[in-house]
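Breakdown of the fold
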Amino acid sequence: MNPTKRMLLSLAATSVVTLTPIAAHAQDTMTAKVVEAVAAKAPAPVFAWSDDELARIGQALVGTWRTQLPVTQGDDATKSTDMFVAVAPVVIDGLPNALYAESGRLDAMWSPSRQTIWQLYRHKGQIRLRTFEFRLPNGVQQGAIGAWAAPEVFPSDFPHRNLIGTLDLAVSPGGMGFSASTPYPYPTGLANAVEMTSQMTVSGDVMTTADRGFGADGSQVWGPAEGQSYTFTKFKPEIGIRNENGLVVINYTNRDGEAGEMGGRMSVNYTGAVTDGTVFDTSIGRAPFTFTLGQGVIEGFSKAAIGLHKGDHVRVFIPPEMGYGAAGRPRNKIPPNATLTYDLDVLAVEAPGATPPPQPTPPQPVGKDPGIKIEPMDGPPPFVPKNPK
């Protein structure tokens, strides 16, 4: 099972109160004082490269890349599966020239299998590309998923002490890109290997990568044969990105059909988190959440749902002024002035005034807040650079 899904299912099993897109009674109308406090926050920092040469190498990496990798089916049958790597520059305090990278299956970009940070820096005059993993449960930074598509939403206050350096590649600029390789083998414990090497080249719209693991006797135990590599090509994914006054909606699927609009109803499965990765609520393992757009939920949740269709997979970033504002909901792990993230699977969409077919109402959790309103629910590989542990 995907580690992220395992974590979410575990959270669902222990959750007793469904709170989060629901608007608390005291926050149905945000006061001018709260709006003023939110607006007074310091402006978001702006990304800048340290110098022109690092900028040229970094920009060669930025973009979305795809390849086909063999996937084992059963005991001996294999087939090729389209995979992606998406890279964007992000601001991390104390870590200049940082790039955020996600990778996974192309047909499920909303659920990446791996997240990493890459950093360009100089070591004794030599340009190096260092890779980092997240020092978090399961290596997942829930609050950053999707930030490659909208780098402005990456949590800039993310402490770099929560990153673990894994390996360095020495970079040689040239032509329309660069080549890079590990200056020496790095320790690993993956699949009977004791050390590994990594190589990468980028030239225009083509990127090649190769990770190789070696056993204690020096023989290669995994990775492509010498002289072979995986080849990625740059492409533009067919996703929708909407940014309205800080409300960011990334729609990975863009289905057709009835579109969500104010006054209409929608059924979704969702997972909510704050940008440090803390998951505060999920409907996974419970009944879907059904709501009326513009009624009984926080402003950002309704606005994000506008234009969504049945079958859409969506990632949403809600700024504080459209969420729980300066007050937050600390007892529900939502701090003051928190940006909220939601992953939505849209299960059903109804136009305003539509009469839903009669269905039994499944059991649901009961909110403990007097301001909580719960409506009846009627909705139906390996990527380089990498240092495996």
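Parameters at a glance
- Residues numbered from 1 in each chain as written.
- Predicted model: local features only at pLDDT ≥ 70, side-chain atom pairs only at ≥ 80, totals over all residues.
- Heavy atoms only, no water.
- Buried < 20%, exposed > 50% of the residue type's maximum accessible area, 1.4 Å probe, protein only.
- Helix = DSSP H or I, 4+ residues; strand = E, 2+ residues; numbered from the N terminus.
- Polar contact = N/O pair within 3.5 Å; in protein donor to acceptor, adjacent residues only side chain to side chain.
- Phe/Tyr/Trp six-rings, centres within 6.5 Å; stacked < 30°, edge-to-face > 60°.
- Lys NZ or Arg CZ within 6 Å of the ring centre and 35° of its normal.
- Contact = heavy atoms within 4.5 Å.
- pLDDT = per-residue confidence, 0-100.
- Core = buried A, V, L, I, M, F, W, Y, C linked by side-chain atoms within 4.5 Å.
- Pairing = 2+ DSSP bridges.
- Salt bridge = Lys/Arg side-chain N within 4 Å of Asp/Glu carboxyl O.

Each α-helix turn comprises 3.6 residues. Residues three or four places apart therefore point the same way. L54, A55, I57, G58, A60 and L61 are the residues of helix 3 (residues 52-61) that are buried. Capping the start of helix 3 is the job of one residue whose side-chain oxygen sits 3.0 Å from the backbone nitrogen of E53: D51.

According to the stated counting rule, one finds 12 aromatic pairs in the structure shown. Measuring from centroid to centroid gives 5.8 Å for Y270 and F289, while their planes differ by 75°, and the two rings are edge-to-face. Linking Y270 in strand 15 (residues 265-274) with F289 in strand 17 (residues 289-292), this pair joins segments that are 19 residues apart in sequence. Like Y270, the residue F289 is buried in the burial classification. We note R66 situated over the ring of F235; from NZ or CZ to the ring centre the distance is 5.1 Å.

Position of G213 among the secondary structure elements: in strand 10 (residues 206-214). In this structure the C-alpha to C-alpha distance between G213 and G223, which are 10 residues apart in sequence, comes to 6.4 Å. If sequence neighbours within four positions are ignored, G213 has contacts with A193, E195, M196, S219, Q220, V221 and W222.

Turning to the confidence of the model for the chain, a few remarks are in order. When pLDDT is averaged along the chain, the result is 81; 78% of the residues meet or exceed 70. Across residues 1-20 the pLDDT falls below 50, and counting only partners more than four positions away or on other chains, this stretch makes 47 contacts in the model. Across residues 24-40, where pLDDT falls below 50, the model places 22 contacts with residues more than four positions away in sequence or in other chains.

Let's shift gears to the side chain of R114. Along the chain, the position of R114 falls in strand 4 (residues 114-123). In terms of polar contacts, R114 uses its side chain to reach the side chain of E133, at 2.6 Å.

Across soluble globular proteins, you tend to see nonpolar side chains buried next to one another. Formed by 29 residues in total, the largest nonpolar core has its most connected members in L61, W118, L129, F178, M200 and V202. For this core, the secondary structure elements donating two or more residues are helix 3, strand 2 (77-90), strand 3 (98-105), strand 4, strand 5 (126-134), strand 6 (163-174), strand 7 (177-181) and strand 9 (195-203). In terms of residue count, the dominant contributor to this core is helix 3 (five residues).

So, about the pairing of strand 17. Residues F289 and F291 of strand 17 are buried on one face, and the alternating residues T290 and T292, pointing to the opposite face, are buried as well. Direction of pairing for strand 15 relative to strand 17: antiparallel, over a ladder of four bridges. Across the sheet, residue S267 finds its bridge partner in strand 17, namely T290.

Turning to the pattern of salt bridges, a few remarks are in order. Under the criterion given, the structure shown has 12 salt bridges. Taking the shortest distance from any N to any O, the salt bridge between D82 and R66 comes out at 3.3 Å. Remark: R66 occurs in strand 1 (residues 63-73) and D82 occurs in strand 2; sequence separation between them is 16 residues. Across the pair D107 and R105 runs a salt bridge whose closest N-O atoms are separated by 3.0 Å. What makes D107 partly exposed here is its relative accessible area of 47%. You can call R105 partly exposed: its relative accessible area is 39%. Where salt bridges share partners, they join D51, E53 and R122 into one cluster.

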